[in-house]
Amino acid sequence: MSIFLRGVDMPECCCGCPCCYEKADGSCFCTAVKDGEPCDIENLDQRLPNCPAEDVPEPHGRLIDADRLEDRIKNMVGKYDTAIPLNVVYRLIADAHPIIEAEEEQ
C-alpha cells in the first residue's frame, strides 16, 4: 500500500521531509522507511539512499492501473473474431477507474 499527499512538494533532503522526526535525544529517524531507519544527523541535507518518496509531475491526467486495463483488453479478445474494435478499447480506457484523480492546472 502507498499514500499520495496532494499538494506536498518532493523534499530535496530529509530535513525538509514530513516523514523525518527528531527524537528527544537529538537523533532523527524516517517513518517512511520500514522500521524507522535512523537518519544521519550530519547528512540531513541529503535523502536516504532507500527513500521511498517519488515525485509525481504536475499537472497530470488521471492515473489508472494500466495492468488492470491490459487484463480487461486481453479478456475481450475472445469475444471478437478479429481485432477488438477501437471504439471498444476507447470505452475501456474511459471506464478505467482512476487510482489518483487528474491534477487541475492552477
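Residues numbered from 1 in each chain as written. Predicted model: local features only at pLDDT ≥ 70, side-chain atom pairs only at ≥ 80, totals over all residues. Heavy atoms only, no water.

Next up on the list: the pattern of salt bridges. All told, the structure shown has 3 salt bridges when counted by the stated rule. With its nearest N and O atoms 3.5 Å apart, the salt bridge here joins Glu-70 to Lys-74. Of this pair, Glu-70 and Lys-74 both sit in helix H1 (residues 66–76), 4 residues apart, roughly one helical turn. Owing to a relative accessible area of 51%, Lys-74 belongs among the exposed residues under this scheme. Two residues, Arg-91 and Asp-95, come together in a salt bridge whose shortest N-O distance is 3.3 Å. Placement of the pair is Arg-91 and Asp-95 together in helix H2 (residues 86–95), with a separation of 4 residues, close to one helical turn. (Salt bridge = Lys/Arg side-chain N within 4 Å of Asp/Glu carboxyl O. Helix = DSSP H or I, 4+ residues; strand = E, 2+ residues; numbered from the N terminus. Buried < 20%, exposed > 50% of the residue type's maximum accessible area, 1.4 Å probe, protein only.)

Here we come to the nonpolar core. With 7 residues, the main nonpolar core is built from Cys-14, Cys-20, Cys-28, Cys-30, Val-33, Cys-39 and Leu-48. Counting 6 residues, the second-largest nonpolar core is a separate cluster that includes Leu-69, Met-76, Val-89 and Leu-92. (Core = buried A, V, L, I, M, F, W, Y, C linked by side-chain atoms within 4.5 Å.)

For the bond from Glu-58 to Pro-59, the omega torsion is -10 degrees, close enough to zero to count as cis. Following the sequence through the fold, Pro-59 ends up in the loop between strand E3 (37–39) and strand E4 (63–64).

Within H2, the full set of buried residues consists of Val-88, Val-89 and Leu-92. Buried residues in H2, looked at end-on, bunch into an arc of 100 degrees, giving them a common side. The exposed residues of H2 that point more than 90 degrees off its buried face are Leu-86, Asn-87, Tyr-90 and Arg-91. (Arc of directions from axis to C-beta.)

Below, the discussion takes up the environment of Cys-19. Its location among the elements puts Cys-19 in the segment before strand E1 (20–22). For Cys-19, a relative accessible area of 23% corresponds to the partly exposed category. Here the alpha-carbon distance between Cys-19 and Cys-30, two residues 11 residues apart in the chain, equals 5.6 Å. With residues up to four places along the chain from it excluded, the contact list for Cys-19 reads Phe-29, Cys-30, Thr-31 and Ala-32. (Contact = heavy atoms within 4.5 Å.)

Everything listed here is a matter of geometry and, on its own, says nothing about what the molecule does.
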